[in-house]
Amino acid sequence: MALHLIKLAVGIRDLDHLAEVQQGRAFMRDGARIVPGYTRRMPTRGDEVCDGGSIYWVVKGAVRCRQPVLGFELVQDGEGESWCRLLLDPVLVPVEAQPRKAFQGWRYLKPEEAPRDLGAGQGGGVGEDAMPPEMLAELRALGLA
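The following paragraphs examine the structure supplied in this document. (Residues numbered from 1 in each chain as written. Predicted model: local features only at pLDDT ≥ 70, side-chain atom pairs only at ≥ 80, totals over all residues. Heavy atoms only, no water.)

Thoughts on the nonpolar core
Quick reminder of the rule: Nonpolar cores were defined as sets of buried Ala, Val, Leu, Ile, Met, Phe, Trp, Tyr and Cys residues, with membership established by side-chain atoms within 4.5 Å. Between buried and exposed lies partly exposed: a residue is buried under 20% and exposed over 50% of the maximum accessible area for its type, with that area taken using a 1.4 Å probe on protein chains only. A helix here means a DSSP run of H or I that spans at least four residues, while a strand means a run of E at least two residues long, and both kinds are numbered starting from the N terminus. What makes two residues a contact is simply this: any of their non-hydrogen atoms within 4.5 Å.
Leu 5, Ile 55, Trp 57, Phe 72, Leu 86 and Leu 88 are the most contacted members of the largest nonpolar core, which has 20 residues in total. Secondary structure elements with two or more residues in this core: helix 1 (15-25), strand 4 (54-59), strand 5 (62-76) and strand 6 (82-88). Beyond its immediate sequence surroundings of up to four residues, Trp 57 is in contact with Lys 7, Leu 8, Ala 9, Leu 18, Gln 22, Ala 62, Val 63, Arg 64, Cys 65, Gln 67, Leu 88 and Leu 92. Judged by nonpolar contacts, the second largest core, of 9 residues, contains Ile 6, Tyr 56, Val 95 and Leu 109.

This is how it looks when you write it as structure tokens:
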């Protein structure tokens, strides 16, 4: 089973905002659209993450979506500092909202602890038709979703 990462989406309001920010950073490589993410440290278990794993994004105190991880690479900034660039699939996959306290950096996330993907019509999409996460969580608490 693939291993996942979890990371805070700092300064992000909602999934639409995350998609907007990421599209502004996206680039093409070998004919594929890549969305970069950055962190200080390279995962030591990167091979396990790249074997079908995703990064789960915490937005406003809850895990809201995931993105497949395509790879990692070390890059240097203008001052010679090394960074890990996460190479991400541009597709954001909405997941069941799962509350999460703030933490620094990223963490590994075991597959059995990862929230389930939301299917079509479950109100988790990105865009105008998306149900607000708070409303979806309340409906689930009532057993209606």
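Some points on the environment of Phe 27
Structurally, Phe 27 can be placed in strand 2 (residues 27-29). According to the relative accessible area criterion, Phe 27 is partly exposed, its value standing at 22%. Put simply, Phe 27 and Pro 90 are 63 residues apart on the chain and 10.0 Å apart in space, counted from C-alpha to C-alpha. Contact partners of Phe 27, with chain neighbours within four places excluded, come to Ala 32, Arg 33, Ile 34, Pro 36, Arg 85 and Leu 87.

Keep in mind that these numbers describe shape and distance, not what the molecule does.
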